Amino acid sequence: MSTISRIGTALPPWGTATARQVGDDEDAVTLAVAAGLAAIGDTDPNVINQVVVVSRDFPLLEGGNSAAILAGLGLREDVRISETIGGSPAVLDAVAGAVHTTLVIGTDAAGSAGASAIVCGAGGAPLGITGRVTRSMPVVTRDANGNSSDYADPRLLRERGVNESLSRLGTPTPLVAAGLAAREAAAVCTGTPPPLLTVGASAIGFAIAALADQGAAGQVLAAEQATLVLAELGAGSITVARDEPSARPRPDGKLAPGSSVSVSLSAYERAFDPKLRLEAGKCGSCGELSYPPRHRCIECGSEKPTLLVPLPRHGVVYSLATIRVPVPGLISPYTVVIVELGDTGVRTLVRLTGATPGSVKIDDTGSLVFRLVAVRQGVPDYGYGFLPDSTFTQNKEVAA
Ligand SMILES: [Zn+2]
């Protein structure tokens, strides 16, 4: 038994009202960071003792995702974090098993993309597991090269998979069923379940967020193929923050042939923290900010140790350029903007994200958001993109 106090959700802006797809600068890690930041909101991130990230779309199966997620979330590097390969049942188990204040993130980049993050173990609505059945019905498989194949027998999955597992659970009547297609979810739920845009690890967070919006409590079901986990959500307050820009078609870019700049892992390591944590160096003598941090102050010449300070995430477009010539290994056209951050005077050069190339102008406002800047020889290089404020519809809550 644990509790849920806050849920953050994130969707890519690309796609349709019923299914979103990642842009070329998004993956399971960037979506996890967006949902996690929405869940943390204005609360002190230091209350998070542990992070559990659940996905079947981790970009680096050999390791390296967790450090990028902690840095993107602004959490200390000594916070315990684990990566779990799984879907919504694994998320529900992680939430119910949370002892300390834990951020459980489910993130999906393949297929219909999205992420949800649940703050648990810190008050709010109680949640406890009431049933679990783990069975194998591998209708979708992936080979060592990442190529997926679908057995494509929805009737077999429904009859011998989901329905058989449900009967072993005593035929429950959940309010939501995460991980099932809309029609299958409607068949097993009591009443009309809320529409869910994802079916992977993130789906259960979206489902519980929808219940919280209705003030509803009751049974919640998480499914992945024939494996089901059933939980009882009790009454209690859950704050929901949605980082969900309105849907639009992904722009037609053209990937220029050839390879991009090769990776230098030593440069990657040097830049990692200042770049991913968006921290400036503050001169120990005069207080001048430098980004990226410099050894010698450009204002007063001091070489006193600098203090790392977080930069504001909101700013205005100072200058911009749209690149239309093909650049090997990149999709063009794309727009780069120089953003002036808050009132710090610090300007940084980033790529426009979440908007059609060329669609911003000088003095437009927006936020720096965690994005995949490049993939070099298989190494994801994270940093920030500029998301114009106009990307959000007015009725959606924008993550700070
Ligand atoms: Zn100085």
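None of these values were measured; they are calculated from a predicted model.

Q: I tried to follow the overall build of the protein on my own but got confused; where do I start?
A: What the protein contains, in helices and strands, is seven helices and 24 strands. A globule of 400 residues ought to have a C-alpha radius of gyration of about 21 Å, and the protein, at 22 Å, matches this closely. Across its three principal axes, the protein shows a C-alpha extent of roughly 75 × 45 × 40 Å. Residues counted as buried form 43% of the 400 residues belonging to the protein. In the protein, 70% of the contacts between residues at least 6 apart in sequence involve partners at least 24 apart.

Q: How should the pairing of strand S14 (residues 239–243) be read in this particular structure?
A: The two faces of the sheet receive side chains in turn, since in a regular strand these alternate between them. Within S14, four of the five residues are buried, which leaves it mostly tucked inside the rest of the structure. With five bridges connecting them, strand S1 (residues 2–10) and S14 associate as parallel partners. Each residue of the ladder has a partner; that of Arg6, found in S14, is Thr239.

Q: I'm lost on the confidence of the model for the protein in this one. Help?
A: Taken as a whole, the protein shows an average pLDDT of 92; of its residues, 98% reach a score of 70 or greater. In this model residues 394–400 is a low-confidence stretch, pLDDT under 50, and it forms 14 contacts with partners more than four residues away in sequence or in other chains.

Q: So what exactly am I meant to see when it comes to the sheet that holds strand S17 (residues 289–290) here?
A: To summarise the sheet geometry, strands pair through backbone hydrogen bonds and adopt either a parallel or an antiparallel arrangement. If you walk across this open sheet you meet the three strands as S17-S16-S18, and the pairing is antiparallel. In the strand order of this sheet, the two ends are held by S17 and strand S18 (307–310), each with one partner. As paired strands, strand S16 (residues 279–282) and S18 are joined by four bridges and run antiparallel to one another. For Lys282, the partnering residue across the bridge sits in S18 and is Leu307.

Q: Is there a simple way to think about the nonpolar core in this case?
A: Proteins that are soluble and globular tend to have nonpolar side chains buried together. If you look at the biggest cluster of nonpolar residues, it comprises 101 residues, and the most contacted ones within it are Val95 and Ala207. Per-element tally for this core: the top contributor is helix H1 (residues 28–40), with eleven residues. Counting residues domain by domain, this core receives three or more from each of domain 1 (2–243) and domain 2 (254–278 + 313–391).

Q: Which parts of the structure should I look at to understand the packing of H1 against helix H2 (residues 65–73)?
A: Two measures define how a pair of helices packs: the angle their axes make with one another and the distance between the axes. Their axes nearest at 9 Å, the elements H1 and H2 cross at an angle of 35°. Between H1 and H2 lies a crossing of right-handed hand. Of the residues in H2, those touching H1 at Val29, Ala32, Val33, Gly36, Leu37 and Ile40 are Asn65, Ala68, Ile69, Gly72 and Leu73. For the contact of H1 with H2, the class distribution of residues is eight nonpolar, three polar and no charged.

Q: Can you help me understand unusual backbone geometry in this one?
A: Leave glycine aside and you will find that most residues have negative phi; peptide bonds, for their part, are mostly trans. With omega at -5°, the peptide bond leading from Tyr291 into Pro292 counts as cis. For Pro292, the position within the fold is in the loop between S17 and S18. With an omega dihedral of 0°, the bond running from Ser332 to Pro333 counts as a cis peptide bond. Structurally, Pro333 can be placed in the loop between strand S20 (331–332) and strand S21 (334–341).

Q: Just to check I follow, could you spell out the pairing of strand S6 (residues 102–108) for this structure?
A: Most of S6 is tucked away: seven of the seven residues are buried. Side chains Thr102, Val104, Gly106 and Asp108 project from S6 onto one buried face, and the interleaved Leu103, Ile105 and Thr107 project onto a second face that is buried too. Pairing analysis gives five bridges linking strand S4 (residues 50–55) to S6, with the strands arranged parallel. Paired with Gln50 across the two strands is Thr102, which belongs to S6. In this sheet, strand S7 (residues 114–120) lies alongside S6 in antiparallel orientation, the contact comprising seven bridges. Residue pairing across strands places Ile105 opposite Ala117, the latter belonging to S7. Counting the residues between successive antiparallel strands, the hairpin from S6 to S7 contains five residues, one of them, Gly111, with a positive phi of roughly 65°.

Q: What should I look at first to understand the environment of Thr322 in this one?
A: Mapped onto the fold, Thr322 is located in strand S19 (residues 314–323). Linking Thr322 and Pro292, residues 30 residues apart in sequence, is a C-alpha distance of 24 Å. Apart from the residues lying within four places of it in its own chain, the contact partners of Thr322 are Pro333, Thr335, Pro357 and Gly358.

Q: When you look at the environment of Gly106 in this model, what are you seeing that I'm missing?
A: By the element assignment, Gly106 lies in strand S6. Residue classification places Gly106 among the buried residues on the basis of 36 C-beta atoms within 10 Å. Gly106 sits 19 residues away from Gly87 along the chain, and the two C-alpha atoms are 7.5 Å apart. When neighbours within four sequence positions are excluded, Gly106 is seen to be in contact with Val54, Ser55, Ser88, Val91, Ala115, Ser116, Ala201, Ser202, Ile204 and Gly205.

Q: Sorry if this is basic, but what is going on with the sheet that holds S21 here?
A: The strand order S19-S21-S22-S24-S23 describes a closed barrel built from five strands, whose pairing is mixed. Shown here is a sheet whose adjacent strand axes are inclined to one another by a mean of 45°, direction ignored. Where strand S22 (residues 347–352) and strand S24 (residues 379–388) come together, two bridges link them in parallel fashion. Residue pairing across strands places Leu352 opposite Phe386, the latter belonging to S24. Packed on one face of the sheet, H1 meets strand S23 (365–376) and S24 and runs near 155° to S23.

Procedures and definitions
Residues numbered from 1 in each chain as written. Predicted model: local features only at pLDDT ≥ 70, side-chain atom pairs only at ≥ 80, totals over all residues. Helix = DSSP H or I, 4+ residues; strand = E, 2+ residues; numbered from the N terminus. Rg over C-alpha atoms; globule rule 2.2 N^0.38 Å. Buried ≥ 20, exposed ≤ 12 C-beta atoms within 10 Å, placed from the backbone. Contact = placed C-beta atoms within 7 Å. Pairing = 2+ DSSP bridges. pLDDT = per-residue confidence, 0-100. Core = buried A, V, L, I, M, F, W, Y, C linked by C-beta atoms within 7 Å. Domains from an automatic or database assignment. Axes fitted to C-alpha atoms, helices over the stretch in contact; angles between N-to-C directions. Left-handed = near helix turned anticlockwise from the far one by under 90°. Nonpolar A, V, L, I, M, F, W, Y, C, P; charged D, E, K, R; others polar.

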